[in-house]
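# Fold and contact review
Given next are the chains, with one letter for each unit.
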Amino acid sequence: MKRYRHIFFDLDHTLWDFRSNSRDTLTELYHDERLELRGIPSATELIDAYEEVNQVLWLRYEAGHLPKEVLRVLRFRNALLRFGVKDEVMAVRMGRNYLERCPQRTKLMPGVASLLEDLDRDHALHIITNGFDEVQRIKLDGSGIGQRFRVVLTSEKAGARKPDPRIFARAMKDAGARDGECLMVGDDRRTDMAGARGAGWDHAHFAAETDPDPLATYRIMHMDDLRPILL
């Protein structure tokens, strides 16, 4: 089995349970804003609309076509418009409250905490994320795993987003890693897997919420599947 010294993780949907934490926050906002009185039948329907809108806008952000400040407002404005609710003040307020509350939630993907504890004894652990710099640290520290990582590199800090090979080169330099020592672990086939391939790294596709990448070096369905590879 190949020996990896440096393990680079994606954060959202890989370590931090973005879907559960986001949906819990959206449910809370639905009730706080009393959206049932504005014609939105349920929190579930709000969540469905928000996730669909956010996915489209996030792709525009990752392509460099949309500033993050605009993204944060548009995703709620456009989701509310799906139900005929035109309220700019509410959209701004919901965007602000979502951004404040969601990163403070602490749910991790199953098996993450114990795996990181075991890996930390004999590996250098790092994060490469396309998330916003100011919120990713809150997620890491609030969920109790922040101290495990030596390098936390966001796309904002690197000046490049996955799958751009520049962010992988910057991460390797910051970590003091050498060719052949790095393994990328992530959920996204385009940003994490294709990005790692372009950088010449081995990569493990965490496919709990998506179809497995047939080109990945490894394919895992649970974090514990990394144990025979790394431990």
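Structure: above.
Read on for an overview of the structure. (Residues numbered from 1 in each chain as written. Predicted model: local features only at pLDDT ≥ 70, side-chain atom pairs only at ≥ 80, totals over all residues. Heavy atoms only, no water.)

### Here's the deal with the packing of helix α1 (residues 18–32) against helix α4 (residues 88–101)
Angle between the axes and distance between the axes are the two parameters that describe a pair of packed helices. The N-to-C vectors of α1 and α4 enclose an angle of 135 degrees; their axes lie 10 Å apart at closest approach. The angle between the axes of α1 and α4 places the two elements in the oblique class. Considering only the axes of α1 and α4, their crossing is right-handed. The segment α1 lies against α4, with Phe18, Ser22, Thr25, Leu26, Glu28, Leu29 and Asp32 engaging Met94, Asn97, Tyr98 and Arg101. When the residues that make up the contact of α1 with α4 are grouped by side-chain class, the tally is five nonpolar, three polar and three charged. (Axes fitted to C-alpha atoms, helices over the stretch in contact; angles between N-to-C directions. Helix = DSSP H or I, 4+ residues; strand = E, 2+ residues; numbered from the N terminus. Parallel < 35°, antiparallel > 145°, perpendicular 65-115°, else oblique. Left-handed = near helix turned anticlockwise from the far one by under 90°. Contact = heavy atoms within 4.5 Å. Nonpolar A, V, L, I, M, F, W, Y, C, P; charged D, E, K, R; others polar.)

### Comments concerning the side chain of His205
By secondary structure assignment, the location of His205 is in strand β5 (residues 202–206). At 2.9 Å, the side chain of His205 forms a polar contact with the backbone nitrogen of Asp213. (Polar contact = N/O pair within 3.5 Å; in protein donor to acceptor, adjacent residues only side chain to side chain.)

### Comments concerning the nonpolar core
Judged by nonpolar contacts, the single largest core of 45 residues is most densely connected at Phe9, Phe149, Val185 and Leu226. With sequence-adjacent residues up to four places away left out, Phe149 is seen in contact with Phe9, Leu15, Leu116, Leu125, His126, Ile127 and Leu140. Listed in part, the 15 residues of the second largest apolar core include Ile128, Ala160, Phe168 and Ala196. (Core = buried A, V, L, I, M, F, W, Y, C linked by side-chain atoms within 4.5 Å. Buried < 20%, exposed > 50% of the residue type's maximum accessible area, 1.4 Å probe, protein only.)

### A word on unusual backbone geometry
Peptide bonds are, in most cases, trans, and in most cases residues other than glycine have a negative phi. The amide bond that connects Lys162 to the next residue, Pro163, takes the cis arrangement and shows omega of 15 degrees. Within the secondary structure, Pro163 is located in the loop between α7 (155–158) and α8 (165–175). One non-glycine residue, His13, lies in positive phi territory at about 70 degrees. Note that His13 resides in the loop between β1 (6–9) and α1. Phi is positive for Arg34, which is not a glycine, with a value near 55 degrees. By secondary structure assignment, the location of Arg34 is in the loop between α1 and α2 (43–62).

### A short note on helix α6 (residues 133–142)
All of the buried residues in α6 are Val135, Gln136, Lys139 and Leu140. Axial view of α6: buried residues confined to an arc of 140 degrees, hence all on one face. Tucked into the core, α6 has its buried residues touching α1, α4, β2 (124–129) and β3 (149–154). (Arc of directions from axis to C-beta.)

### Quick look at the packing of aromatic side chains
Counted according to the given criterion, the structure contains eleven aromatic pairs. Pairing Phe168 with Trp201 gives two aromatic rings, centres 5.3 Å apart and planes at 90 degrees, and the pair type is edge-to-face. Placement of the pair is Phe168 in helix α8 and Trp201 in the loop between α9 (189–199) and β5, with a sequence separation of 33 residues. One exposure class covers both Phe168 and Trp201, and it is buried. Taken together, the aromatic side chains of Phe8, Phe168 and Trp201 make up a single cluster linked through ring pairs. (Phe/Tyr/Trp six-rings, centres within 6.5 Å; stacked < 30°, edge-to-face > 60°.)

### Quick look at the sheet that holds β5
In space, the six strands of this open sheet follow the order β3-β2-β1-β4-β5-β6, with parallel pairing throughout. Strands with a single pairing partner mark the edges of an open sheet, and in this sheet they are β3 and β6 (218–220). The average angle at which neighbouring strand axes cross in this sheet is 20 degrees, direction not considered. Two elements, strand β4 (residues 182–186) and β5, share four bridges in a ladder whose sense is parallel. Each residue of the ladder has a partner; that of Val185, found in β5, is Ala204. (Pairing = 2+ DSSP bridges.)

### Points about the pattern of salt bridges
With the rule as written, the count across this model stands at 28 salt bridges. A salt bridge links Asp122 to Arg3, with the nearest nitrogen and oxygen atoms 2.8 Å apart. With Asp122 in the loop between α5 (112–119) and β2 and Arg3 in the segment before β1, this residue pair connects regions lying 119 residues apart in the sequence. Between Arg121 and Asp118 there is a salt bridge, with the nearest N and O atoms lying 3.3 Å from each other. Taking the relative accessible area as the measure of exposure, Arg121 reaches 64% and is therefore exposed. Where salt bridges share partners, they join Glu28, Asp32, Arg101 and Arg105 into one cluster. (Salt bridge = Lys/Arg side-chain N within 4 Å of Asp/Glu carboxyl O.)

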